[in-house]
Amino acid sequence: MNQIIVDLKAVGKSFAAADGTPRTVLDKVDFKLREREIVALLGQSGSGKSTLLRIMAGLVEADVGDVLYRGQPLYGPARGISMVFQSFALFPWLTVQQNVEIGLEARGVSKDEREKRAEKVIDMIGLSGFEGALPRELSGGMRQRVGIARALVVDPDVLLMDEAFSALDVLTGERLRDDILELWEEEQISTKAILVVSHNIQEAIMMADRVLIFASDPGRVRYEMKIDLPRPRDAESADVRNLVDEIYAVMTAGRVRVGKTTEELEPIRLDHRLPDADIGLMEGILERLMEEPFLGHADLPQLAEETGLTDEELLPAAEALALLEFADLVGGDVNLTDLGKKYVAAEHEKRQAIFAKQLLKRISLAAHIYHSLQQDPDGELKEEHFLNLLSESMNKEEAERVLKVAIEWGRHGEVYSYNYNTGMVHLPEAEEEAADDSPAA
Ligand code: ADP
Ligand code: MG
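Residues numbered from 1 in each chain as written. Chains lettered and ligands numbered in written order. Predicted model: local features only at pLDDT ≥ 70, side-chain atom pairs only at ≥ 80, totals over all residues. Heavy atoms only, no water.

J.: What am I meant to see in the sheet that holds strand 7 (residues 158–162) here?
T.: Read across the sheet, 6 strands follow the order 6-7-8-3-9-10 without closing on themselves; strand pairing throughout is mixed. Each edge of the open sheet carries a strand with a single partner, namely strand 6 (81–84) and strand 10 (220–226). Taken pair by pair, the neighbouring strands of this sheet meet at an average axis angle of 20°, ignoring direction. Where strand 3 (residues 37–43) lies against strand 9 (residues 210–215), 5 bridges are found, and the strand directions are parallel. Of the residues in strand 9, the one forming a bridge with Ala40 is Val211. (Pairing = 2+ DSSP bridges. Helix = DSSP H or I, 4+ residues; strand = E, 2+ residues; numbered from the N terminus. Axes fitted to C-alpha atoms, helices over the stretch in contact; angles between N-to-C directions.)

J.: Would you mind showing me how to read the sheet that holds strand 16 (residues 424–426) here?
T.: Sheets are built from strands paired through backbone hydrogen bonds, the pairs being either parallel or antiparallel. If you trace the 3 strands from one edge of the open sheet to the other, you get 14-16-15, paired in antiparallel fashion. Edge strands, defined here as strands with exactly one partner in the open sheet, are strand 14 (380–382) and strand 15 (417–419). The average undirected angle you get between the axes of adjacent strands in this sheet is 30°. In this structure, strand 15 lies alongside strand 16, joined through 3 bridges in antiparallel fashion. The residue bridging Tyr418 from the neighbouring strand is Val425, located in strand 16.

J.: In this structure, what is going on with the site of ligand 1? I would like to understand it.
T.: The immediate surroundings of ligand 1 are formed by 13 residues, with Gly46, Gly48, Lys49, Ser50 and Thr51 found nearest. Within the backbone of Ser47, one N or O atom sits 3.2 Å away from an oxygen atom of ligand 1. One of the side-chain nitrogen or oxygen atoms of Asn395 is found 3.4 Å away from an oxygen atom of ligand 1. Taken by itself ligand 1 offers 560 Å² of open surface, and the protein chains cover 67% of this. Taken atom by atom, the bulk of ligand 1 overlaps the largest pocket. Contributing elements (two or more residues each) for the shell around ligand 1: strand 2 (22–34) and helix 1 (49–56). Sort the elements by how many residues they give to the shell around ligand 1 and helix 1 lands first, with 3 residues. (Near = heavy atom within 4 Å. Polar contact = N/O pair within 3.5 Å; in protein donor to acceptor, adjacent residues only side chain to side chain. Areas by Shrake-Rupley, 256 points an atom, 1.4 Å probe, with all protein chains shown as cover. 1 Å grid on protein atoms, 1.4 Å probe; cavity = no way out; pocket = protein on both sides within 12 Å on 5 of 7 lines; lining within 4 Å. Sits in = over half its atoms within 2 Å of the grid points.)

See below:
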């Protein structure tokens, strides 16, 4: 086994929620990063991936557990570890060359040496000829190259990339990724290990020797997959496709209960983190699933490809369809249920009725909102009422997000609605009455 570079042992981290109570973001995370490996980290947003990277880089301190870098406890930023972020954190008033040199300046490297090293990296990363350009004169892809050059110029032992390609268009991201893999394979960079956080399953499989899937609440490693395929890998090969399938299966399993008959399913708990799924997108997917070549059944990677949806869009929508019993998710496949088929075949009003029924039957939060409003004399309640309830089991941001999803779904089914001006959640009739009462404008 190769030597361990970064060693996390039972690492835990909590942050204070809005109301001051601690919220565990990472719990007992064990992770070893070894020499000559690329590891990819996948997981839902908010699962603590960025926090984990910051802890590894020594930018954030763990509350419990040990963080060792080359066998030594890490106190403060680790010199040998460079990070690349999603956003292009470049100084707008500095040229490409100056932006790259800045990391060396902080380390007291002489001017001549700085110039030499920056030129070498600029050339390596494909930015020759742009040394004198300002960031605003560059495309997004070129700017991210500058960000990567700045991380590489210090000859880091470890490179941590936090969704480094996700702000770029697909082709640009792939090209940059392939360039980095080539530098790595040919050992043109002295970096000994790379950790990438990604929300693109295929990207993770194209790059990594090991893929880790992070579970949320609190974040911990839920699944690990080794990948022995030689690089460069072919995205179209059966090997890669099978691995993509496998990861989809793991990422969708456990999010909803599968393989049970409808009667056995329990409603989705009140504090379930409802997925951020747009209704239009859900309907679009249902309709697409009915058509050729799917005819009610698709494997998720294929569906992603056919629809051009990213994993970040597709996975929440697929989960939502499963929560509402419009589809089953089994082993990375999505199958329309009879109800899902009925929904697709129905007219608008019938669809709305089906949606409303499923919402009240399956989603406890929606049912709770509806019953609370019914018990209120005016048929309306402040959104804070529900946010406070949700805040007991999640942080404020997440509570707002979950309530927003529940409200959108309720509006779609015309079960209840929301007034953006007053912040009131109300029954559909309540607003009509209020509108009747209001003086004509
Ligand atoms: P990911 O990168 O997987 O999306 P993050 O590590 O960014 O997740 O965040 C995990 C959780 O920790 C989120 O709920 C986020 O709001 C919270 N969090 C992250 N950093 C802080 C901070 N400095 N203070 C309070 N909460 C934080
Ligand atoms: Mg993040």
